[in-house]
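The primary structure of each chain is shown beneath.
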Amino acid sequence: MNSGIPLSASSSVRTIRSSKRASCSSWTVAAALSLGLCRASLAQQAPSADGGTTLFQNVRIFDGRNATLSAPSSVLVRGNKIETISAQSIAVDRQADTRVIDGGGRTLMPGLSDVHWHAMLIRSTPAIMLGSDVGYTTLLAGAEATATLMRGFTTVRDMGGPSFSLKRAIDEGVLPGPRIYPSGPMITITGGHGDFRQLTDLPRTIGGMLNRIEQLGGSMIADSPDEVRVRVREQLMQGASQIKLTAGGGVASPFSPLDVSTFTEAELRAAVEAAENWGTYVSTHAYTPVSIQRSIAAGVKVIEHGHLMDDASARLIAEKGVWLSTQPFLELGGAAALGSEQQAQMRQVISGTDKVYALAKKYKIKVAFGTDILFSQALAERQGNSLVDMTRWYTPAEALIMATSTNAELLALSGPRNPYPGKLGVVEEGALADLLLVDGNPLQNIELIKDPAKNFLIIMKDGKIYKNLLVRDK
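Residues numbered from 1 in each chain as written. Predicted model: local features only at pLDDT ≥ 70, side-chain atom pairs only at ≥ 80, totals over all residues. Heavy atoms only, no water.

Quick notes on the overall build of the protein
Definition in use: Starting at the N terminus, helices and strands are each numbered in turn, a helix being any DSSP run of H or I of at least four residues and a strand any DSSP run of E of at least two. Three exposure classes are used, based on accessible area relative to the maximum for each residue type with a 1.4 Å probe and protein chains only: buried under 20%, partly exposed in between, and exposed over 50%. The criterion used for residue contact is that any of the two residues' heavy atoms lie within 4.5 Å. The accessible surface values rely on the Shrake-Rupley method and a 1.4 Å probe; as for residues, cover is taken only from the protein chains in view.
When its secondary structure is counted, the protein shows 17 helices and 18 strands. Expressed as a percentage of its 474 residues, the buried residues of the protein come to 56%. Across the protein, every contact between residues at least 6 apart in sequence was considered, and the portion connecting residues at least 24 apart equals 69%. Working note: accessible area of the protein is about 19,000 Å², and carbon and sulfur atoms make up 52% of it.

What follows is the structure, encoded as structure tokens:
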């Protein structure tokens, strides 16, 4: 993206770069933030959290992998990791930072994850996003990030939007929120899904001024392999953990019919090569057989959506070991705020939901769970309902495993670009301490997930307790 650095700032830039080699002084950090420097190194840092020591006693564990609960157990969290799990009592030093919690036989499980999320586009409609200052929309997103964590979603994979600053603020403890695996702006073509320009903005001058959505970091337009490489490298420079391209049409964009195929195979391959050079991968928004098959031919590792796929495409996904990150679309959702034509496209997507899960099960495709909620705070409040909706095709245990350990396997595809190295999505010794204490057994009653305010008594992320409704803790 355009750094916005004026020529007159060149001497300051040299000073900042020189100072950064030794350490980021307070002056340097302030200048770097305003000029967009130091961003890549800061974006890759994991949170520096220290939650002290927490001992959960008398809990039954859903470990994120198995469809049964453990016998009553104790779990010791030290710092941001699970140190010990035992069926016996665990002795701890009663220091000032030690907390002992009696679980009362309740369920301790991993935090949930949503691997198709748009952190900046939940409370903002396209009109708000395009017509407002980025400070305002970021504040909206910050409020939503806290609400997301309070629903028990301790990790999200952001699949398009300017979420780098939000992620950083959360990681630095400025505000509570989930771990964010950012893609940066979704990369699209002229007229593709994510191109929100008006017809009066045409023609585009290659190398010319960025349009409003590009300036905001919502999407970036690239119409050749070379442009694709530049846009991918820009997102990686800012700290993207994976890259998102729109390989076919979509619902929310004004000039993007569902049936169109967008990027050429050469353009997609350019993105894949650039991402692989950084040790990470490309996901593509793709509904149709052509967009799916072209993505796979180019080396894409994850297909987003896939609701209009056919049998041959599903078989190819399975044969190539590609992930399917799809969503249980059963209603208009955020499309209800859009025009009639876009609502009709959403209905077409919904018509393929049963089929996509049937094909995934038929070919044993690696399926991840996400929601792709857009443009509605009210819908976001029902994020857990989407996980419950998965029981239309899967058992409660299968759905919960998908939203914990299986999603974590997908997140790990980021390799060295993973902003949170360590095990996620499981309750195991050595895993990162993202935990929920549930008032009941979600394996038997997954409906508990629908009411996190009542049923998630404790929410812990990175060893820190962000919510505790237990009357007794000592």
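Read on, since the account is not over.
Topic: the pairing of strand E2 (residues 73-78)
The cut-off we apply is this: For two strands to be treated as a pair, DSSP must find at least two bridges joining them.
Counted residue by residue, E2 has 5 buried out of 6 residues, so it is predominantly covered. Pairing between strand E1 (residues 53-61) and E2: 5 bridges, direction antiparallel. Directly across from Phe56, in E2, lies its bridge partner Val75. In the sheet, E2 pairs with strand E3 (residues 81-86) via 5 bridges, with the strands oriented antiparallel.

Side note on the side chain of Arg151
Along the chain, the position of Arg151 falls in the loop between helix H5 (134-150) and strand E7 (153-158). The buried category is assigned to Arg151, whose relative accessible area is 7%.

Some details on the packing of helix H10 (residues 289-297) against helix H11 (residues 311-320)
What counts here: Angles run from 0 to 180 degrees between N-to-C directions of axes, and those axes are lines fitted to C-alpha atoms, restricted for helices to the stretch in contact. Here the angle decides the label: under 35 degrees means roughly parallel, over 145 means roughly antiparallel, 65 to 115 means roughly perpendicular, and every other value means oblique. Helix crossings are classified by the rotation of the near helix relative to the far one: an anticlockwise turn of less than a right angle makes the crossing left-handed, while a clockwise turn makes it right-handed. Classification used: nonpolar for Ala, Val, Leu, Ile, Met, Phe, Trp, Tyr, Cys and Pro, charged for Asp, Glu, Lys and Arg, polar for all others including Gly.
Where H10 meets H11, the axes come as close as 10 Å, and the angle between the chain directions of the two elements is 20°. Put simply, H10 runs roughly parallel to H11. The hand of the H10/H11 crossing is left-handed. Contacts between H10 and H11 involve Pro289, Ile292, Gln293 and Ile296 from the first element and Ser313, Leu316, Ile317 and Lys320 from the second. Classifying every residue of the contact of H10 with H11 by side-chain character gives 5 nonpolar, 2 polar and 1 charged.

Points about the packing of aromatic side chains
Here the distance between the centres and the angle between the planes together describe a pair of aromatic rings. Convention followed: Here a Phe, Tyr or Trp ring, Trp counted by its six-membered ring, pairs with any other such ring whose centre lies within 6.5 Å, and the pair is stacked when the planes are under 30 degrees apart, edge-to-face when over 60, and tilted otherwise. A ring has a charge above it when a Lys NZ or an Arg CZ is no more than 6 Å from the ring centre and no more than 35 degrees off the ring normal.
Inspection of every chain in the model, using the stated rule, returns 3 aromatic pairs. Taking the centre distance of 4.3 Å and the plane angle of 25° together, the rings of Tyr357 and Trp393 count as stacked. Here Tyr357 is found in helix H13 (residues 353-362), whereas its partner Trp393 is found in the loop between helix H15 (383-389) and helix H16 (396-411), with 36 residues between them in sequence. Just as Tyr357 is buried, Trp393 falls in that class too. A centroid spacing of 6.0 Å and a plane angle of 85° characterise the contact between Tyr357 and Tyr394, whose relative ring orientation is edge-to-face. One end of the pair, Tyr357, is in helix H13; the other, Tyr394, is in the loop between H15 and H16, with 37 residues separating them in the sequence. Across this residue pair, the class does not change: Tyr357 and Tyr394 are buried. A network of ring pairs unites the aromatic residues Tyr357, Trp393 and Tyr394 as a single cluster. The ring centre of Tyr394 lies 5.1 Å from the NZ or CZ of Lys361, which sits over that ring.

Some points on a nonpolar patch on the surface
This is how the line gets drawn: Surface patches are drawn from residues lacking salt bridges whose relative accessible area is over 30%; two like charges belong together within 9 Å, two nonpolar side chains (Val, Leu, Ile, Met, Phe, Trp, Tyr) within 5 Å. The rule for a salt bridge is simple: a side-chain nitrogen of Lys or Arg has to be within 4 Å of a carboxyl oxygen of Asp or Glu.
A cluster of nonpolar side chains, Leu199, Leu202 and Phe255, forms an exposed patch at the surface whose accessible area comes to about 280 Å². Position of Phe255 among the secondary structure elements: in the loop between strand E11 (243-246) and helix H9 (265-277). Note on Phe255: relative accessible area 35%, which makes it partly exposed.

Description of the environment of Ile350
Along the polypeptide, Ile350 turns up in helix H12 (residues 340-350). On a C-alpha basis, the gap between Ile350 and Leu308 in space is 9.4 Å, while along the polypeptide they are 42 residues apart. With residues near it in sequence (within four places) discarded, Ile350 still touches Phe329, Leu330, Glu331 and Leu332.

A closer look at the sheet that holds E7
Paired through their backbone hydrogen bonds, the strands of a sheet run either parallel or antiparallel. In spatial order, the strands read E6-E7-E8; together these 3 strands make up an open sheet with parallel pairing. Two strands in the sheet have a free side with no partner beyond their single neighbour: strand E6 (112-117) and strand E8 (179-182). For this sheet, the mean inter-axis angle between neighbouring strands, taken without regard to orientation, is 15°. As paired strands, E6 and E7 are joined by 4 bridges and run parallel to one another. Its bridge partner being in E7, Leu112 is matched across the sheet by Phe153. Packing of H5 onto the sheet brings it into contact with E6 and E7, and relative to E7 it is tilted by some 130°.

Some words on the packing of H9 against H10
Where H9 meets H10, the closest approach of the two axes is 8 Å, and the angle between their N-to-C directions is 50°. As judged from the angle between their axes, H9 and H10 are oblique. Where H9 crosses over H10, the two elements pack in a sense that is right-handed. Together, Glu265, Leu268 and Arg269 of H9 and Arg294, Ser295 and Ala297 of H10 make up the contact between the two elements.

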